[in-house]
Amino acid sequence: QVQLVESGGGLVQAGGSLRLSCAASGRTFSSYLMGWFRQAPGKEREFVAAISWNALRTYYADSVKGRFTLSRDNAKNTVYLQMNSLKPEDTAVYYCAASSYSDIWYADLRKYAYWGQGTQVTVSS
């Protein structure tokens, strides 16, 4: 079992930055593929970024590539999503998730068994 708690969301102007954190409980955190997804009002939840268990591989949606950076600290059981050059279209609830599947499933939310409660990110124009 893994419990995930996100933090760091808020209101920011376009062009600004935020850093989201996801703190995990459980001794097996370091073995999980970790991902971030987001859901805007009236839209489906979509993939944002993922990082392999050993942090050697990261994956990003085209819409955030070059602006967002995902990292993890297995000693602290925490994943960080640094979001720069934020745009109004980045406004959504952001969810952290953990998967025991291989990296090949990084964008498939059905492969993530554990989810946080979400944190709101609002980018004003």
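Criteria and thresholds
- Residues numbered from 1 in each chain as written.
- Predicted model: local features only at pLDDT ≥ 70, side-chain atom pairs only at ≥ 80, totals over all residues.
- Heavy atoms only, no water.
- Salt bridge = Lys/Arg side-chain N within 4 Å of Asp/Glu carboxyl O.
- Buried < 20%, exposed > 50% of the residue type's maximum accessible area, 1.4 Å probe, protein only.
- Core = buried A, V, L, I, M, F, W, Y, C linked by side-chain atoms within 4.5 Å.
- Helix = DSSP H or I, 4+ residues; strand = E, 2+ residues; numbered from the N terminus.
- Contact = heavy atoms within 4.5 Å.
- Pairing = 2+ DSSP bridges.
- Axes fitted to C-alpha atoms, helices over the stretch in contact; angles between N-to-C directions.
- Patch = residues over 30% accessible without salt bridge, like charges linked within 9 Å, V, L, I, M, F, W, Y side chains within 5 Å.
- Areas by Shrake-Rupley, 256 points an atom, 1.4 Å probe, with all protein chains shown as cover.

J.: Would you explain the pattern of salt bridges in this entry?
T.: Oppositely charged side chains are able to pair whenever their charged atoms sit close together. In the structure shown here, the tally under the stated rule is six salt bridges. The salt bridge partner of Lys65 is Asp62, with a shortest N-O separation of 3.2 Å. Here Lys65 and Asp62 have matching classes, each one exposed. Of the charged contacts in the structure, one is a salt bridge between Arg110 and Asp108, with a shortest N-O distance of 3.0 Å. The exposure class assigned to Asp108 is buried, which follows from its relative accessible area of 13%.

J.: Any chance you could explain the nonpolar core here in plain terms?
T.: As a rule of thumb, soluble globular proteins bury nonpolar side chains together. Met34, Trp36, Leu81, Met83 and Tyr94 are the most contacted members of the largest nonpolar core, which totals 36 residues. Looking at this core, the elements with two or more residues in it are strand S3 (18-25), strand S4 (33-39), strand S5 (46-51), strand S6 (58-60), strand S7 (68-73), strand S8 (78-83), strand S9 (92-99) and strand S11 (119-124). For Tyr94, the contacting residues outside a window of four places in its chain are Glu6, Leu20, Trp36, Phe37, Arg38, Val48, Phe68, Leu81, Met83, Gly118, Thr119 and Val121.

J.: Quick question: what am I supposed to make of the sheet that holds S7 here?
T.: Sheet strands pair by backbone hydrogen bonding; their relative direction is either parallel or antiparallel. Pairing is antiparallel in the open sheet, where four strands are placed in the order S1-S3-S8-S7. With one partner strand each, in any of the chains shown, strand S1 (3-7) and S7 form the two edges of the open sheet. Going from strand to strand, the sheet's axes swing by 15° on average, the running direction of each strand aside. Bridge count for S3 against S8 is six bridges, and the pairing is antiparallel. Bridge pairing links Arg19 to Gln82 in S8.

J.: What am I meant to see in a nonpolar patch on the surface here?
T.: A cluster of nonpolar residues, Tyr101, Ile104 and Trp105, forms a patch on the protein surface that exposes about 340 Å² of accessible area. One can find Tyr101 in the loop between S9 and strand S10 (114-115). For Tyr101, a relative accessible area of 43% corresponds to the partly exposed category.

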